[in-house]
Amino acid sequence: MKMSEVKKKRSNNNNSSINDWLPITSSRNAKWYYSAFHNVTAMVGAGVLGLPYAMSQLGWGAGVTIMILSWVITLYTLWQMVEMHEMVPGKRFDRYHELGQEAFGEKLGLWIVVPQQLLVEIGVNIVYMVTGGKSLQKIYETACPDCRHLKTTYFILIFSSVHYFLSFCPNFNSISLVSFLAAVMSLSYSTIGWGASVHKGISPEVDYSPRASTSTGRVFGFLSALGDVAFAFAGHNVVLEIQATMPSTPEYPSKKPMWKGVIIAYVVVALCYFPVAFVGYGVFGNSVQDNILISLQKPAWLIIMANAFVVIHVIGSYQVFAMGVFDMIESYFVKQRNFSPTKTLRFIVRISYVALTMFLAITFPFFGGLLGFFGGFAFAPTTYFLPCIMWLAIHKPKRFGLSWFANWICIILGVLLMILAPIGALRQIILQAKGYKFYS
């Protein structure tokens, strides 16, 4: 055997042992229902409770159209990613950036995908730190209205403490129970949101006219609402990583159980999103708050229960998005910097990451506005049109055929969303930050 072949064999064996340690590829025995609740947990965030508010800025016609279009387009792009996971014979694209490298080239693929994916995953984790802390604060204030007022900072600290333990779950399959509970919770608090609205009923003075009184306010509000909808449907960043945990053979490729789980997940998404958005807006009109649970206010026990469900859900969502970041960082240290794949390395990486997201959440509790601004450049591409560009590059559908047209329509709509959504969010950041004091 030649020396070059010996080195290549050693390199392959070394890569195999590293992949057996990394969070995404260490376990490939997931079932189809893992796909279902991981995808629900990744997609149905607490942002669903803000969809009635987005509807109040979009109006009935545009709001219903944009919601349905987003559901259809993101289901289509998700199907493309599931199909592309093993599109090249004998190879699995276990990570989003690996698919990007196949489509755009070794270096360019990394530069196109990794910054956007990290922006989404880290950004979502910071938002969920804030969301979890504020939900805990809402529970405290509702349960004990006469108790001493505590800053949001303390509740974010309490929420983050859970992740210092959960973050040591080694891989995706090890957080399956957490993810399952999170998926159940998302359906539960969504049902409370629209169910309690139906019980309250439409008040006689409900008004569906534009929320803002000026034309400038209406335009910026419309653009900001586009960002809210884009954020609600952005769960594609961990799709390939979820599929990577599934076994695959030529007779039964991973795309079959993965797609089965995705269909179930998207049915749940529809059951969560559409009733909350349409019923919430229908009952409260343009007076709806940016969180439908705040608009409901009573009864207290229902608000406490719903916020408890939100807390449990964002705990699971944080872990699903963080697992992709852990895999990237640990891959970099082990493969590029030749660190040993040890528990010590994993401990330092994960503790540091949780601490960083906690610090940023405490520092910028209005991060949702920042995410809408910067996330417009990442959420829209990674969910709405980057999969379409990759499909055109790898699959090469017939020019001017149905698939070719469908992908270009998604690309055009996604690019418009990427350009317009941050404009509305910029105004939101300015308004929120105007009177803000750090760590107040």
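Residues numbered from 1 in each chain as written. Predicted model: local features only at pLDDT ≥ 70, side-chain atom pairs only at ≥ 80, totals over all residues. Heavy atoms only, no water.

In the annotation of an unreviewed UniProt entry, the entry for the protein chain reads Lysine histidine transporter 2, and the organism field reads Datura stramonium. One UniProt comment on the protein chain, placed under Subcellular location (unreviewed entry), says "Membrane". (UniProt positions renumbered as here; feature names shortened; annotations may be inferred.)

Novice: I tried to follow the overall build of the protein chain on my own but got confused; where do I start?
Specialist: Looking only at helices and strands, the protein chain has 17 helices and 0 strands in total. For 440 residues, the compact-globule formula gives about 22 Å, and the C-alpha radius of gyration of the protein chain, at 22 Å, lands near that figure. Projecting the C-alpha coordinates of the protein chain onto the three principal axes gives extents of approximately 85 × 55 × 40 Å. Expressed as a percentage of the 440 residues in the protein chain, the buried residues total 52%. In the protein chain, the share of contacts with a sequence separation of at least 24, taken over all contacts with a separation of at least 6, comes to 85%. For the protein chain, the accessible area works out to roughly 19700 Å², and carbon and sulfur atoms hold 67% of it. Here the protein chain contributes 33 positive and 19 negative side-chain charges, whose respective centroids are spaced 4 Å apart. (Helix = DSSP H or I, 4+ residues; strand = E, 2+ residues; numbered from the N terminus. Rg over C-alpha atoms; globule rule 2.2 N^0.38 Å. Buried < 20%, exposed > 50% of the residue type's maximum accessible area, 1.4 Å probe, protein only. Contact = heavy atoms within 4.5 Å. Areas by Shrake-Rupley, 256 points an atom, 1.4 Å probe, with all protein chains shown as cover. Lys, Arg positive; Asp, Glu negative; His and termini not counted. Charge placed at Lys NZ, Arg CZ, Asp CG, Glu CD.)

Novice: Can you walk me through the nonpolar core in this structure?
Specialist: Across soluble globular proteins, nonpolar side chains show a tendency to be buried alongside one another. Within the largest apolar cluster, 116 residues are counted, with the highest numbers of intra-cluster contacts made by Met67, Phe233 and Tyr273. Contact partners of methionine 67, with chain neighbours within four places excluded, come to Leu51, Met55, Val229, Phe233, Tyr273, Phe274, Ala277 and Phe278. By size, the runner-up hydrophobic cluster in this structure holds 6 residues, among which are Ile18, Trp21, Leu22 and Val334. (Core = buried A, V, L, I, M, F, W, Y, C linked by side-chain atoms within 4.5 Å.)

Novice: What's the story with the pattern of salt bridges in this structure? I'm lost.
Specialist: A side chain with one charge can pair with a side chain of the opposite charge if their charged atoms come near. Counting across every chain of the model gives 8 salt bridges. Arginine 95 is the salt-bridge partner of glutamate 98, the closest N and O atoms lying 3.0 Å from each other. Arginine 350 is paired through a salt bridge with glutamate 330; the nearest N and O atoms lie 2.9 Å apart. Highlighted residues: arginine 350 in helix H14 (residues 343-363) and glutamate 330 in helix H13 (residues 300-336), separated in sequence by 20 residues. Comparing arginine 350 with glutamate 330, the two get one shared label, buried. A network of salt bridges, in which partner residues are shared, links Arg95, Glu98 and Asp327. (Salt bridge = Lys/Arg side-chain N within 4 Å of Asp/Glu carboxyl O.)

Novice: I keep staring at the side chain of serine 179 and nothing clicks. Help me out?
Specialist: Inspection of the secondary structure assignment puts serine 179 in helix H8 (residues 176-200). We classify serine 179 as buried; its relative accessible area is 1%. Sequence-distant contacts of serine 179, defined by excluding residues within four places in its chain, comprise Phe37, His38, Thr41 and Val320.

Novice: Looking at this model, I keep getting lost on empty space enclosed by the protein. Mind explaining?
Specialist: Picture a little ball the size of a water molecule; that probe, rolled over the atoms, points out where space is still empty. Inspection of the entire model under this criterion finds 3 cavities of 30 Å³ or more. For the largest cavity, the calculated volume is near 70 Å³. Elements that contribute at least two residues to the lining of the largest cavity include exactly helix H2 (32-43), helix H6 (106-143) and helix H9 (215-232). Class assignment of the residues belonging to the lining of the largest cavity gives a composition of 11 nonpolar, 2 polar and no charged. (1 Å grid on protein atoms, 1.4 Å probe; cavity = no way out; pocket = protein on both sides within 12 Å on 5 of 7 lines; lining within 4 Å. Points joined across faces, edges and corners; volume = space filled by probe spheres on them. Nonpolar A, V, L, I, M, F, W, Y, C, P; charged D, E, K, R; others polar.)

Novice: I keep staring at the state of the cysteines and nothing clicks. Help me out?
Specialist: For the structure on display, the rule yields 1 disulfide. The disulfide partner of cysteine 144 is cysteine 147, and the gap between their sulfur atoms is 1.5 Å. Residues cysteine 144 and cysteine 147 are joined through a disulfide that is right-handed, its torsion about the S-S bond being 65°. Taking the relative accessible area as the measure of exposure, cysteine 144 reaches 25% and is therefore partly exposed. A residue is classified by how much of its surface remains accessible, and cysteine 147, at 32% relative accessible area, is partly exposed. Cysteine 388 takes part in no disulfide bond, and the closest cysteine sulfur, belonging to cysteine 410, lies 4.2 Å away. (Disulfide = S-S within 2.5 Å.)

Novice: Is there a simple way to think about the layout of surface pockets in this case?
Specialist: Looking at the second largest pocket, its volume works out to about 610 Å³. As for the second largest pocket, its lining consists of 24 residues, and the residues nearest its centre are Lys91, Arg92, Phe93, Asp94 and Glu98. Among the secondary structure elements, those contributing two or more residues to the lining of the second largest pocket are helix H1 (3-19) and helix H5 (96-104). Here the residues of the lining of the second largest pocket sort into 6 nonpolar, 8 polar and 10 charged.

Novice: For this particular structure, what's the right way to read the environment of serine 203?
Specialist: By secondary structure assignment, the location of serine 203 is in the loop between H8 and H9. As for serine 203 and glycine 282, which are separated by 79 residues in sequence, their C-alpha atoms are 9.8 Å apart.

Novice: Can you help me understand unusual backbone geometry in this one?
Specialist: Where the residue is not glycine, phi is negative for most of them; where a peptide bond is considered, it is trans in most cases. Of note in the backbone geometry, asparagine 338 takes a positive phi value of approximately 55° without being a glycine. Within the element layout of this structure, asparagine 338 appears in the loop between H13 and H14. Phi angles above zero are rare outside glycine, and phenylalanine 400 is one such case at about 70°. Its location among the elements puts phenylalanine 400 in the loop between helix H16 (379-394) and helix H17 (402-433).

Novice: Can you help me understand H16 in this one?
Specialist: The α-helix advances 3.6 residues per turn, and as a result positions three or four apart in sequence lie on the same side. Taking 1.5 Å per residue as the helical rise, H16 with its 16 residues ought to reach 22 Å, and the 22 Å between its terminal C-alpha atoms agrees with that figure. Where H16 bends most, at phenylalanine 385, the angle is about 55°, and the proline proline 387 comes one to four residues later. With respect to burial, H16 is a largely interior element, 14 of its 16 residues being buried. Immediately beyond the C-terminal end of H16, within one or two residues, lies lysine 396, with a positive phi of roughly 50°. (Expected span 1.5 Å × (residues − 1). Bend = angle between axes of the 7 residues up to and from the residue.)

Novice: Looking at this model, I keep getting lost on the environment of serine 215. Mind explaining?
Specialist: The topology assignment puts serine 215 in helix H9. Serine 215 gets classed as partly exposed once you look at its relative accessible area, which sits at 49%.

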